[in-house]
Amino acid sequence: MITSLPDPIQPKLPDADISYFPCFINDRDATALYDQLLAETDWKEESITLFGKKYKQPRLTAWHGEEHMNYSYSGIKMVAVPFTPSLLKLRYLIEDLTKESYNSVLLNLYRHGNDSNGWHSDDEAELGKDPVIASLSLGAVRKFKLKHKFDTTIHYDISLDHGSLLLMKGKTQHFWKHQIPKSKKVDQARINLTFRRIIP
């Protein structure tokens, strides 16, 4: 499934430890995996709470993990569904590459360019002091935007390709926010899997 990987792209950003592997999974296998996950995942449209009001998230999600590895954000409590065989295989492949361990994964389905994810950091208490986030992209290419929390002049954009893997670790979530903005140029769907480790 994994092609022969060149060295990752590692942007020289202050207070960040980011590695990007554009071709983590070859194109044929990435397409097959996209089709499988699209069909087998129990996608849900959750509501988030912002400033005391509830809004439908502009994307569909699913949460898988080991027993009791539940996750909460923006007023949503996600109860872990066991890993499927395909998710377990991906987990082990990513653990082998990154030399990190993961016990859960959040799947996001961006149905079209109007689906998005606003500015945020993955810094919930369940993720521990220095969260490691391994993000696999399948389907439509979407722009991933980063901005420094304390110096607004520092920002960085990455186009997340089909079959690519983005790894964020160290102090990144303390100092940076990220988002997937809406795009009128995108009319195809994208599946994103963010593997992470919940601290019980």
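Since we're looking at a predicted model, the values are computed, not measured.

Novice: Please explain the nonpolar core as it appears in this structure.
Specialist: One recurring pattern in soluble globular proteins: nonpolar side chains tend to sit buried together. Among the nonpolar cores identified, the biggest contains 28 residues, and Leu37, Leu107, Leu136, Leu138, Ile191, Leu193 and Phe195 are the most heavily contacted of them. Elements supplying a minimum of two residues to this core: α1 (27-40), β4 (60-65), α2 (85-98), β7 (104-110), β9 (133-139), β12 (165-169) and β14 (190-196). Of the residues forming this core, the biggest block, 4 residues, is contributed by α1. Once residues lying within four places of it in the same chain are set aside, the contact partners of Phe195 are Phe83, Leu87, Leu90, Arg91, Ile94, Tyr102, Ser104, Val105, Val132, Ile133 and Ala134. One finds Tyr20, Met69, Tyr71 and Ile133 within the second-largest nonpolar core, a separate group that totals 24 residues.

Novice: How should unusual backbone geometry be read in this particular structure?
Specialist: Trans peptide bonds make up most of the peptide bonds, and negative phi angles are found at most residues other than glycine. One non-glycine residue, Asp15, adopts positive backbone phi at about 65 degrees. Within the secondary structure, Asp15 is located in the segment before β1 (17-21). Residues other than glycine seldom take positive phi values, yet His68 does so here, at roughly 75 degrees.

Novice: What is the right way to read the sheet that holds β14 from this model?
Specialist: Pairing between sheet strands relies on hydrogen bonds along the backbone, with the strands arranged either parallel or antiparallel. Reading across the sheet, the 6 strands line up as β1-β12-β9-β14-β7-β4 and stay open at both edges, with antiparallel pairing between neighbours. Looking at strand neighbours, the two that pair on one side only are β1 and β4, the edges of this open sheet. When strand polarity is set aside, the average angle formed by the axes of neighbouring strands in this sheet is 15 degrees. Bridge count for β4 against β7 is 6 bridges, and the pairing is antiparallel.

Novice: Explain the pairing of strand β10 (residues 142-148) to me, please; I cannot follow it from the model alone.
Specialist: Looking along a regular strand, one sees side chains alternate from face to face of the sheet. Burial along β10 is one-sided: Arg142, Phe144, Leu146 and His148 are buried, while Lys143, Lys145 and Lys147, pointing the other way, are not. Two elements, β10 and strand β11 (residues 155-160), share 6 bridges in a ladder whose sense is antiparallel. By the bridge assignment for β11, Lys147 is matched with His155. Hairpin connection, β10 to β11: the antiparallel pair is bridged by 6 residues. With 4 bridges joining them, β10 and strand β13 (residues 176-180) adopt antiparallel strand pairing. Note on β13: the bridge partner recorded for His148 is Trp176.

Novice: Quick question: what am I supposed to make of α1 here?
Specialist: For an α-helix, 3.6 residues make a turn, and residues three or four places apart therefore share a direction. With 14 residues, α1 should cover 20 Å at 1.5 Å per step; its first-to-last C-alpha distance of 20 Å lies within 8% of that length. Among all positions in α1, only Asp29, Ala30, Leu33, Tyr34 and Leu37 are buried. All buried residues of α1 project into a common sector of 140 degrees when viewed along the axis, lining one side. Across α1 from its buried face, at more than 90 degrees, point the exposed residues Arg28 and Ala39. Tucked into the core, α1 has its buried residues touching α2, β7, β9 and β14.

Thresholds applied
- Residues numbered from 1 in each chain as written.
- Predicted model: local features only at pLDDT ≥ 70, side-chain atom pairs only at ≥ 80, totals over all residues.
- Heavy atoms only, no water.
- Core = buried A, V, L, I, M, F, W, Y, C linked by side-chain atoms within 4.5 Å.
- Buried < 20%, exposed > 50% of the residue type's maximum accessible area, 1.4 Å probe, protein only.
- Helix = DSSP H or I, 4+ residues; strand = E, 2+ residues; numbered from the N terminus.
- Contact = heavy atoms within 4.5 Å.
- Pairing = 2+ DSSP bridges.
- Axes fitted to C-alpha atoms, helices over the stretch in contact; angles between N-to-C directions.
- Expected span 1.5 Å × (residues − 1).
- Arc of directions from axis to C-beta.

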